[in-house]
Structures are given as structure tokens and as C-alpha cells.
Amino acid sequence: MHDRPNRTDTDLLGIYLNDHLAGAMLGVDRARLLAEAEAERDPALADAVRPVADEIAEDRASLLTIMRSLEVPVRRYKIVAGRLAERMGRLKANGRIVGRSPLSPMLELELLRLGVEGKAAGWRTLRRLADADPRLDSGHLDTLLERARRQLETLEQLRLDQITETFQQSADRAVPQGAHA
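The structure contained in this document is the topic of the report that follows. (Residues numbered from 1 in each chain as written. Predicted model: local features only at pLDDT ≥ 70, side-chain atom pairs only at ≥ 80, totals over all residues. Heavy atoms only, no water.)

Let's talk about unusual backbone geometry
Piece 1. Positive phi, close to 60 degrees, is recorded for Glu71, a residue that is not glycine.
Piece 2. Its location among the elements puts Glu71 in the loop between helix H2 (43-69) and helix H3 (76-89). (Helix = DSSP H or I, 4+ residues; strand = E, 2+ residues; numbered from the N terminus.)

Structure below.
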């Protein structure tokens, strides 16, 4: 008799997906900013982050396609709020008044990793719903989940590499010249 979930379920799913869309916008902006900011200081990090940023943008497009297939409208105010939150996050104390701190790339990698974890949770939610909703393509969701897993591996490796880079640099700067043992 009913081809779609009841009104409450659709409304709740719309809220949920719009929250994920706002997070996806934040993730794309943050990943691109990291790649751009590190292009001169750490070109290898920038080169490793760029493809992840591109994939996050592709994932955002997939989410928009899924939302259309579910007839979930995009709530622009959530996107604007997400963008404002991302810009406010740039104002956090990072040990430097002007410019980027050596700590910035590591914190941004952690933030991106958390965002991808959240995205994967969203894909898992939709994957479970796909069993009962033919508008959701379970194969595509499986592909998105696999890509999120790869992104997590990449971001975690970059984060681990950045630990040494960040804190070794800090230690090297703190030791006066000629004081090395």
C-alpha cells in the first residue's frame, strides 16, 4: 500500500541527510584548504591530500544524488551553517597569532579523519535502509563504504607521519644550536 516510508521517517531522514551534507561541505572545504596551505611547506602532504579532497567532493555529489532519489530537499541554511562553522574553526588558537602553526596540519588531518568516520556511519545507515527501500542502491553504497575505508587508511597514515613531523620540528626548534648531544 505504501511505496515510501511514513512521513515522520522521511522527515527524520531528511534532517539526518542534510546534517551529513553540511558535514560533507565542511570536509571538502577543509581538505582543499589543507592541500592548498601545505603546497609550499609540505608538497608531499598536499599531493596526498588532494585526491582525498576530490573523493570527498565526489562523495558529496553522491549524497546529493541519493537525496534526490529519496525526494529529500536540500536545506541551504544547514550548508551555510556548516560553512560558517568551518570558517570559525580557522580562528582557533594554534600557538601562532599569524600564520599556520606546525600543529595545524596534524589537527586538520584529525578533523578530516573524524569527518570521514562520520560519513562512513552515514553510508552504513543508508546501506541498512537499502534493504527495505528500493530507491537506495546497495551496490553503490557498498562502493562508497569501501572508498571511505580507503580514505580513513590514507588519512590515518598521513596523521601518523605528521606526528613525527610536527613534534620533531618543535623539539628541534626548542633546542639551542650547539646543544645537541
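The structure having been displayed, the exposition proceeds.
Structural notes on the nonpolar core
Piece 1. Core analysis: the largest hydrophobic core is formed by 33 residues, its most contacted members being Leu17, Val49, Ile66, Trp123, Leu126 and Leu141.
Piece 2. The residues touching Val49, leaving out its near neighbours within four places in the chain, are Ala31, Leu34, Ala35, Leu109 and Leu158. (Core = buried A, V, L, I, M, F, W, Y, C linked by side-chain atoms within 4.5 Å. Buried < 20%, exposed > 50% of the residue type's maximum accessible area, 1.4 Å probe, protein only. Contact = heavy atoms within 4.5 Å.)

So, the environment of Glu36
Piece 1. With respect to the secondary-structure elements, Glu36 resides in helix H1 (residues 7-38).
Piece 2. The exposure class assigned to Glu36 is exposed, which follows from its relative accessible area of 63%.
Piece 3. Here the alpha-carbon distance between Glu36 and Arg50, two residues 14 residues apart in the chain, equals 8.6 Å.

Notes on the layout of surface pockets
Piece 1. Approximately 310 Å³ is the volume attributed to the largest pocket.
Piece 2. His20, Gly23, Ala24, Gly115 and Lys119 are the residues nearest the centre of the largest pocket, which is lined by 21 residues in total.
Piece 3. Elements supplying a minimum of two residues to the lining of the largest pocket: H1, H2 and helix H4 (104-130).
Piece 4. Ranked by the residues each element gives to the lining of the largest pocket, the list is headed by H4, at 9 residues.
Piece 5. Of the residues contributing to the lining of the largest pocket, the split by class is 10 nonpolar, 6 polar and 5 charged. (1 Å grid on protein atoms, 1.4 Å probe; cavity = no way out; pocket = protein on both sides within 12 Å on 5 of 7 lines; lining within 4 Å. Points joined across faces, edges and corners; volume = space filled by probe spheres on them. Nonpolar A, V, L, I, M, F, W, Y, C, P; charged D, E, K, R; others polar.)

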